[in-house]
Number of protein chains: 2
Amino acid sequence: MARAIRLLCAGIGSATVVAMAAVAATDDELKPPVGYRQWFHVNTMIVDKASPLFEALGGMHNVHVNSVGEAALRTGGPYPNGTIFLTDLHDFSVQDGSYVEGPLKGLAVMVKDSTKYASTGGWGFQFWLGGDPKKPIVTDVVKQCFECHQPKKNQDYVYSTYNP
Amino acid sequence: MARAIRLLCAGIGSATVVAMAAVAATDDELKPPVGYRQWFHVNTMIVDKASPLFEALGGMHNVHVNSVGEAALRTGGPYPNGTIFLTDLHDFSVQDGSYVEGPLKGLAVMVKDSTKYASTGGWGFQFWLGGDPKKPIVTDVVKQCFECHQPKKNQDYVYSTYNP
């Protein structure tokens, strides 16, 4: 899964979402970015029902990177401050053997700020249900996000790699 | 498959590719566009092995539209001249239940010019193997492309619809 980006966080399955949303951090300055669908489309990945990640990460992951990070993507990192990776996570359906994009489930980001987020490899993480800025669900960034990204330290914690 | 775009043409299966490339039209002015990965990402669809379309259209279809056509996409068409839909078609692999993007197989376009392409609904079509401008494979645009798009006349022959 070298090209996949795992900027979605563990524990966003339906069973945990309600409880997590209720205690969502209110001091997080991160907001869902706008205009990301004109950003560089990095790749798409579908986490299907057969995946052990389905409960937490199931869906179609469309990954984008802003212009700040695009050059670094091509060289495999490290990424400059201001880089944002954005995943728009959609449901999908299977129709006659084709996987077709469905409604938006949420938006996830990794935002690079080596000072502010020094304790998590220089990256801030968040996921918003339905893309709603009032519905962030990450309350423990280390356990829900960073731990899964640590194996990719040699790629500046980013799973995605450049795919022409 | 309402959100899917079928701008890829029939008959690009491996068995037919070699023969078709050998007789590719040389008078086609269409060229693969550049910068399309910063265009609006319309949707992604995967045509998997179980699909009857797999031989012709198998792969991960990442569909983009240029800025000329973006507003019309949101309203379901019709599209202004200069609109370009671009699909970058990639192989994919299935790893632990996840569908992961693989190498580029080719680039497909629909280009709107209501005068030049009046006989095919106002759209020009082409597909380039590996994205190579020297390897166009559409030689009979009506049979290979337009016939499959005719059922979508009420959407200006475009399968894709806007998906927030």
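Cut-off values and rules
Residues numbered from 1 in each chain as written. Chains lettered and ligands numbered in written order. Predicted model: local features only at pLDDT ≥ 70, side-chain atom pairs only at ≥ 80, totals over all residues. Heavy atoms only, no water. Contact = heavy atoms within 4.5 Å. Buried area = accessible area lost by both parts, 1.4 Å probe. Salt bridge = Lys/Arg side-chain N within 4 Å of Asp/Glu carboxyl O. Polar contact = N/O pair within 3.5 Å; in protein donor to acceptor, adjacent residues only side chain to side chain. Helix = DSSP H or I, 4+ residues; strand = E, 2+ residues; numbered from the N terminus. Pairing = 2+ DSSP bridges. Least-squares fit on C-alpha atoms with pLDDT ≥ 70 in both. Phe/Tyr/Trp six-rings, centres within 6.5 Å; stacked < 30°, edge-to-face > 60°. Buried < 20%, exposed > 50% of the residue type's maximum accessible area, 1.4 Å probe, protein only. Core = buried A, V, L, I, M, F, W, Y, C linked by side-chain atoms within 4.5 Å. pLDDT = per-residue confidence, 0-100.

> Help me out: how do you make sense of the interface of chain A and chain B in this one?
Interface size is commonly expressed as the accessible surface area that is lost when the partners come together. Each side of the interface is counted separately: chain A has 34 residues, and chain B has 34 residues. Each partner contributes to the roughly 2900 Å² buried at the junction of chain A and chain B, and carbon and sulfur atoms together form 45% of this total. Between chain A and chain B we count 0 salt bridges in total. Our count for the contact surface shared by chain A and chain B stands at 22 residue pairs in polar contact (both at pLDDT 80 or more). Those elements giving two or more residues to the side of chain A that touches chain B turn out to be β1 (40–47), β2 (59–65), β3 (84–95) and β4 (98–112) of chain A. The element best represented in the side of chain A that touches chain B is β1(A), accounting for 8 residues. Note: β4(A) against strand β1 (residues 40–47) of chain B, 3 bridges, orientation antiparallel. Looking at the pairing, A:Ser98 lines up with B:Val47 of β1(B).

> Teacher, can you tell me more about the relation of the copies chain A and chain B here?
Look at the two chain copies: a rotation about an axis and a shift along it is all it takes to match them. Under the fitted operation, chain A is carried onto chain B by 0.0 Å of movement along the axis and a turn of 180°, and the coordinates agree to an RMSD of 0.0 Å. The superposition of one copy onto the other is thereby described by a two-fold rotation axis. Using C-alpha coordinates, one finds that chain A approaches the rotation axis most closely at A:Gln38, a distance of 2.5 Å.

> Hey, could you run me through the packing of aromatic side chains in this one?
We describe a pair of aromatic rings using the distance from one ring centre to the other and the angle between the two ring planes. One pass over the full model with this rule turns up 13 aromatic pairs over all chains. Three or more aromatic residues link up through ring pairs in this structure, and these residues are A:Phe92, A:Tyr99, B:Phe92 and B:Tyr99.

> In this structure, what is going on with the pairing of strand β4 (residues 98–112) of chain B? I would like to understand it.
Each regular strand displays side chains that alternate between the two surfaces of the sheet. All names here are of chain B. The buried fraction of β4 is high, at 12 of 15 residues. Strand direction decides the pairing type here: strand β3 (residues 84–95) and β4, joined by 11 bridges, are antiparallel. In the sheet register, phenylalanine 92 faces β4, and the bridge partner there is glutamate 101. As paired strands, β4 and strand β5 (residues 123–129) are joined by 7 bridges and run antiparallel to one another. Across the sheet, lysine 112 pairs through a bridge with tryptophan 123, a residue of β5.

> Sorry, what's going on with the side chain of A:His64 here?
The residue A:His64 is located in strand β2 in this model. On the basis of relative accessible area, A:His64 is assigned to the buried category, the value being 0%. Here A:Tyr36 takes part through its backbone oxygen, which lies 3.3 Å from a polar atom of the side chain of A:His64. The contact partners of A:His64, leaving out residues within four places of it in the chain, are A:Tyr36, A:Arg37, A:Trp39, A:Phe40, A:His41, A:Val42, A:Ile84, A:Phe85, A:Leu86, A:Asp88 and B:His41.

> Explanation requested: the nonpolar core in the structure shown.
Membership of the largest hydrophobic core comes to 21 residues, with the highest contact counts inside it found for B:Val42, B:Leu73, B:Tyr79, B:Phe85, B:Trp123 and B:Phe127. Elements supplying a minimum of two residues to this core: β1, β2 (59–65), α3 (67–75), β3, β4, β5 and α4 (141–149) of chain B. The greatest single-element share of this core, amounting to 4 residues, is contributed by β5(B). If you look at the next biggest cluster of nonpolar residues, it comprises 20 residues, including A:Val65, A:Leu73, A:Met110 and A:Tyr157.

> Looking at this structure, how should I read the confidence of the model for chain A?
All names here are of chain A. With 83% of its residues at a pLDDT of 70 or more, chain A has an overall mean of 88. Here residues 14–27 scores under 50 on pLDDT; set against residues more than four positions off or in separate chains, the count is 16 contacts. Scored as a complex, the prediction yields pTM 0.88 and ipTM 0.87.

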